[in-house]
Amino acid sequence: MSKRNQFYWIYYLLTTFFLLISESVIAQEKRMINPSNNHQYLLTEVMSWQEAKIFAEKLGGYLVTINDEEENQWLVKTFLKDETDFLWIGLTDYQEEGNFIWINGEKVIYTNWEQGEPNNNPRQGGEDYGVINGVKNPFNRTVGKWSDAPEKAKLRGIIEIEPHK
């Protein structure tokens, strides 16, 4: 093996190792437990909705499903900080436009859409993924209400992990 190939091989191994460690550290250090349901919640790093979905699944969870106003308010209080623009949630209509479903298959019994949302904004190339509006959202939407966002957006997401049954 040439020195150049050895360098790339070592670089690849070290990069993979540090990515795995950083994912593990992120996943372990910032978990919050909702006392109402004993589920664990944590934030992803900035990524697409699809990447956040896959990351949540690797951790044994899913992008958050919000079942009532109490859970929505707990999430707002726990995760929406002054610098937060939007956070991914597990609501999507990518399979059928206008038919939003929770990614884990739960029935949609509660919604908290901002007025005029979801709007599938064509200027964004369509919007198929749910977000909670944060304090710093550039559209001055109501904090804690929901909007739909495009696939190209890169945001943090909220992961929900149920206790072991």
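Residues numbered from 1 in each chain as written. Predicted model: local features only at pLDDT ≥ 70, side-chain atom pairs only at ≥ 80, totals over all residues. Heavy atoms only, no water.

S.K.: Teacher, can you tell me more about the overall build of the protein here?
M.R.: Each helix and strand in the protein was counted, giving three helices and eight strands. The linear arrangement of helices and strands in the protein, starting from the amino end, is α-β-β-α-β-α-β-β-β-β-β. When burial is assessed residue by residue, the protein has 42% of its 165 residues classed as buried. Residue pairs at least 24 apart in sequence account for 70% of intrachain contacts in the protein once pairs closer than 6 positions are excluded. Total accessible area on the protein stands at roughly 9900 Å², and carbon and sulfur atoms take up 54% of it. (Helix = DSSP H or I, 4+ residues; strand = E, 2+ residues; numbered from the N terminus. Buried < 20%, exposed > 50% of the residue type's maximum accessible area, 1.4 Å probe, protein only. Contact = heavy atoms within 4.5 Å. Areas by Shrake-Rupley, 256 points an atom, 1.4 Å probe, with all protein chains shown as cover.)

S.K.: Teacher, can you tell me more about helix α3 (residues 69-79) here?
M.R.: Along an α-helix, residues three or four positions apart point the same way, because every turn accommodates 3.6 residues. Here α3 has its buried residues at Glu 71, Asn 72, Trp 74, Leu 75, Val 76, Thr 78 and Phe 79. The secondary structure elements touched by the buried residues of α3 are β1 (32-33), β2 (40-43), β4 (86-92), β6 (129-133), β7 (146-149) and β8 (156-161). If you check the start of α3, you find a side-chain oxygen 3.2 Å away from the backbone N of Glu 70, and it comes from Asp 68. (Polar contact = N/O pair within 3.5 Å; in protein donor to acceptor, adjacent residues only side chain to side chain.)

S.K.: Help me understand the environment of Tyr 41, please; the structure alone is not making it clear to me.
M.R.: Examined against the element boundaries, Tyr 41 turns out to sit in strand β2. Taking the relative accessible area as the measure of exposure, Tyr 41 reaches 0% and is therefore buried. Along the chain, Tyr 41 and Gly 61 lie 20 residues apart, while their C-alpha atoms are 9.1 Å from each other. Once residues lying within four places of it in the same chain are set aside, the contact partners of Tyr 41 are Lys 30, Arg 31, Met 32, Asn 34, Val 64, Glu 71, Trp 74, Leu 75, Phe 79, Ile 158, Ile 159 and Glu 160. Looking at Tyr 41, its side chain comes within polar contact range of the side chain of Glu 71, at 2.7 Å. A distance of 3.3 Å separates a polar atom in the side chain of Tyr 41 from a polar atom in the side chain of Glu 160.

S.K.: It is not clear to me how the nonpolar core should be interpreted in this structure. Could you clarify?
M.R.: Residues Ile 66, Leu 75, Phe 79, Ile 89, Ile 132, Trp 146 and Ile 158 are the most contacted members of the largest nonpolar core, which totals 19 residues. Looking at this core, the elements that each hand over two or more residues are β2, α3 and β4. Sort the elements by how many residues they give to this core and α3 lands first, with four residues. In terms of nonpolar packing, the next biggest core, distinct from the first, is built from 16 residues, Met 47, Trp 49, Ala 56 and Phe 86 among them. (Core = buried A, V, L, I, M, F, W, Y, C linked by side-chain atoms within 4.5 Å.)

S.K.: For this particular structure, what's the right way to read the side chain of Thr 44?
M.R.: Counting through the fold element by element, Thr 44 comes out in the loop between β2 and α2 (49-58). By relative accessible area, which is 0% here, Thr 44 ends up buried. With residues near it in sequence (within four places) discarded, Thr 44 still touches Ala 52, Phe 55, Leu 155, Arg 156, Gly 157 and Ile 159.

S.K.: Please explain the packing of aromatic side chains as it appears in this structure.
M.R.: Think of a pair of aromatic rings as described by two things: how far the centres are apart, and how the planes are tilted against each other in angle. Taken as a whole and judged by the stated rule, the model has 11 aromatic pairs. Where Phe 86 meets Phe 139, the ring centres are 6.2 Å apart and the plane angle is 40 degrees; that geometry is what we call tilted. With Phe 86 in strand β4 and Phe 139 in the loop between β6 and β7, this residue pair connects regions lying 53 residues apart in the sequence. According to the relative accessible area criterion, Phe 86 is buried, its value standing at 9%. Summarising the aromatic geometry, the rings of Trp 88 and Tyr 129 are spaced 6.3 Å apart at their centres and angled 85 degrees between planes, so their arrangement reads as edge-to-face. With Trp 88 in strand β4 and Tyr 129 in strand β6, this pair connects stretches of sequence that are 41 residues apart. Note on Trp 88: relative accessible area 0%, which makes it buried. In textbook terms, an aromatic cluster arises when at least three aromatic residues are bridged by ring pairs, as seen for Phe 100, Trp 102, Tyr 110, Trp 113 and Trp 146. (Phe/Tyr/Trp six-rings, centres within 6.5 Å; stacked < 30°, edge-to-face > 60°.)

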